[in-house]
Each structure stands twice: as structure tokens, then as C-alpha cells.
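Commentary on secondary and tertiary structure
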Amino acid sequence: NELVTNGFAGVVCGGRLSGTAVVNYGAEIDYPSYAATLEFQMVDLNQLVEDVTGSPTEIVGRVSGTVRMGGFLDDMRSIRASGTLSLVEGRLWKSPLVVSLLSVLRLSLPAGTESPMWGEVSYAIGDGQVRITEFELLGGGLNATGTGTIGLFDQALDLIIVAVGA
């Protein structure tokens, strides 16, 4: 059995989502699988994080980007994906990633410098890791660029970062 969507569009978390997807499933399929190509524009990051985690968050901003992904339905470790992500007017200062980044860099930001930030990232997901090809994060007293990996299941960070106070 195969479920195919050749182009869908809708609204998600106050932004737009479009793409194509295919799911292979059924008793005669040894390895049920999926594949999708998605494009999203101006998705509300606060609403997305709260919907996914079920917990309130102070993270805000709008994200846009693309993702091509696939894997086996019964194996989260099989996921393979690549894409880009853009952040507009984000406030990520209390997000685990930015807190870890500032800790690793041994930086703290003075009160009042938590202004909005903008960012871009290119990434690939496979073998239990997010491989960041390139990222740039600007704003609020911090300009950072870098590359590296983040563990999907253990959140291990292995990043090379160049950071400059703005």
C-alpha cells in the first residue's frame, strides 16, 4: 500500500506549510517507510515549541525553511533529512541550545541585550546526529557563525564557533 500526496498546502502555527509526501505501509511491506519534501514560511516558533513539547516556553520568533526527509516508520534512528532554516526576530536566549552555546563560549550577556536575533542554518540529519553545515546567529550582543554536530538522542554538542560581541 502506498499513500501519496502530490502537493499539499496549509497553515501551521500561524505560518504556511506546503510539500509532497509518500508513505509505504501494509502487511506486505517489510519495512514501512516515508519520504517528504516540505517548505514552511513564517511559522510561529513559540506556538510550534509549545505544541510539540506540551510546555510553555519563552522562545519566540518566526522560522522559514525547507526540509527533505525520509526513513522507516518504526525506527526514529533511520531518519535522513537535509534542509535550511531561517529565523526572524527570534528571542532564543533561554533555549537549551543558546544557553549551552553561551556556556561553552563562557559568555554571559548583560541585562537588556536580549534583543531579537536573526539566524540561518543549513543542516543534514543522519546516523543519530544533526550535522550543521553552516550557521549564523546575529543580534542581541552576539554574532556567531559555525559548524558541527548535535546528537539527536543524547544532545551531545561538537561545534566549532566563531563568536564576536556586537
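Rules of the game
- Residues numbered from 1 in each chain as written.
- Predicted model: local features only at pLDDT ≥ 70, side-chain atom pairs only at ≥ 80, totals over all residues.
- Heavy atoms only, no water.
- Polar contact = N/O pair within 3.5 Å; in protein donor to acceptor, adjacent residues only side chain to side chain.
- Helix = DSSP H or I, 4+ residues; strand = E, 2+ residues; numbered from the N terminus.
- Pairing = 2+ DSSP bridges.
- Salt bridge = Lys/Arg side-chain N within 4 Å of Asp/Glu carboxyl O.
- Buried < 20%, exposed > 50% of the residue type's maximum accessible area, 1.4 Å probe, protein only.
- Phe/Tyr/Trp six-rings, centres within 6.5 Å; stacked < 30°, edge-to-face > 60°.
- Lys NZ or Arg CZ within 6 Å of the ring centre and 35° of its normal.
- Core = buried A, V, L, I, M, F, W, Y, C linked by side-chain atoms within 4.5 Å.
- Contact = heavy atoms within 4.5 Å.
- Patch = residues over 30% accessible without salt bridge, like charges linked within 9 Å, V, L, I, M, F, W, Y side chains within 5 Å.
- Areas by Shrake-Rupley, 256 points an atom, 1.4 Å probe, with all protein chains shown as cover.

**Looking at helix H1 (residues 45-53)**
- By the N-cap criterion, in which a side-chain oxygen at the helix start approaches the backbone nitrogen of a residue two or three places on, H1 is capped by Asp 44, the distance to Asn 46 being 2.9 Å.
- Phi turns positive one or two residues past the end of H1, at Gly 54, with a value near 75 degrees.

**Comments concerning the pairing of strand S3 (residues 33-44)**
- Across nine bridges, the pairing between strand S2 (residues 15-24) and S3 is antiparallel. Considered in S3, the bridge of Val 22 is made with Ala 35.
- Bridge count between S3 and strand S4 (residues 60-72): ten bridges; the pairing is antiparallel. Across the sheet, residue Ala 35 finds its bridge partner in S4, namely Gly 70.

**Focus on the pattern of salt bridges**
- Across all of its chains, the model carries one salt bridge by this definition.
- A salt bridge links Arg 80 to Asp 127; the shortest N-O distance between them is 3.0 Å. With Arg 80 in strand S5 (residues 75-91) and Asp 127 in the loop between strand S6 (117-126) and strand S7 (129-139), this residue pair connects regions lying 47 residues apart in the sequence.
- The class of Arg 80 is partly exposed, set by a relative accessible area of 41%.

**Looking at the pairing of S7**
- Sheet analysis places S6 next to S7, joined by ten bridges and oriented antiparallel. Along S7, the bridge assignment pairs Ala 124 with Arg 131.
- The turn linking S6 back onto S7 is made up of two residues, and Asp 127 within it adopts a positive phi angle of 55 degrees.
- With nine bridges joining them, S7 and strand S8 (residues 142-151) adopt antiparallel strand pairing. In the sheet register, Phe 135 faces S8, and the bridge partner there is Gly 146.
- Between S7 and S8, which follow one another and run antiparallel, lie two residues, and Gly 140 among them has a positive phi close to 60 degrees.

**A look at the packing of aromatic side chains**
- Counted by the stated rule, this structure contains one aromatic pair.
- When the centroid spacing of 5.7 Å and the interplanar angle of 55 degrees are considered together, the rings of Tyr 31 and Phe 72 count as tilted. Placement of Tyr 31 in the loop between S2 and S3 and of Phe 72 in strand S4 is noted, with a sequence separation of 41 residues between them.
- Judged by its relative accessible area of 60%, Tyr 31 is exposed.
- In this arrangement the basic side chain of Arg 77 is found over the ring face of Phe 153, its NZ or CZ atom lying 4.0 Å from the centre.

**What about the nonpolar core?**
- Membership of the largest hydrophobic core comes to 26 residues, with the highest contact counts inside it found for Leu 87 and Phe 135.
- Elements represented by at least two residues in this core include exactly S3, S4, S5, S6, S7 and S8.
- A per-element tally of this core places S3 first, with five residues.
- Other than its neighbours up to four places away in sequence, Phe 135 contacts Glu 120, Val 121, Ala 144, Thr 145, Gly 146, Thr 147 and Ile 161.

**A look at a nonpolar patch on the surface**
- Judged by side-chain polarity, Met 42, Val 88, Trp 118 and Leu 138 come together as a nonpolar surface patch covering roughly 320 Å² of accessible area.
- Mapped onto the secondary structure, Trp 118 falls in strand S6.
- For Trp 118, a relative accessible area of 39% puts it in the partly exposed group.

**Here we look at the environment of Thr 57**
- By the element assignment, Thr 57 lies in the loop between H1 and S4.
- Considering only alpha carbons, one finds Thr 57 and Leu 92, 35 residues apart in sequence, at a separation of 9.9 Å.
- Those residues in contact with Thr 57 that lie beyond four places of it in its chain are Asn 46, Val 49 and Glu 50.
- Within polar-contact distance, the side chain of Thr 57 engages the backbone nitrogen of Ile 59 at 3.1 Å.

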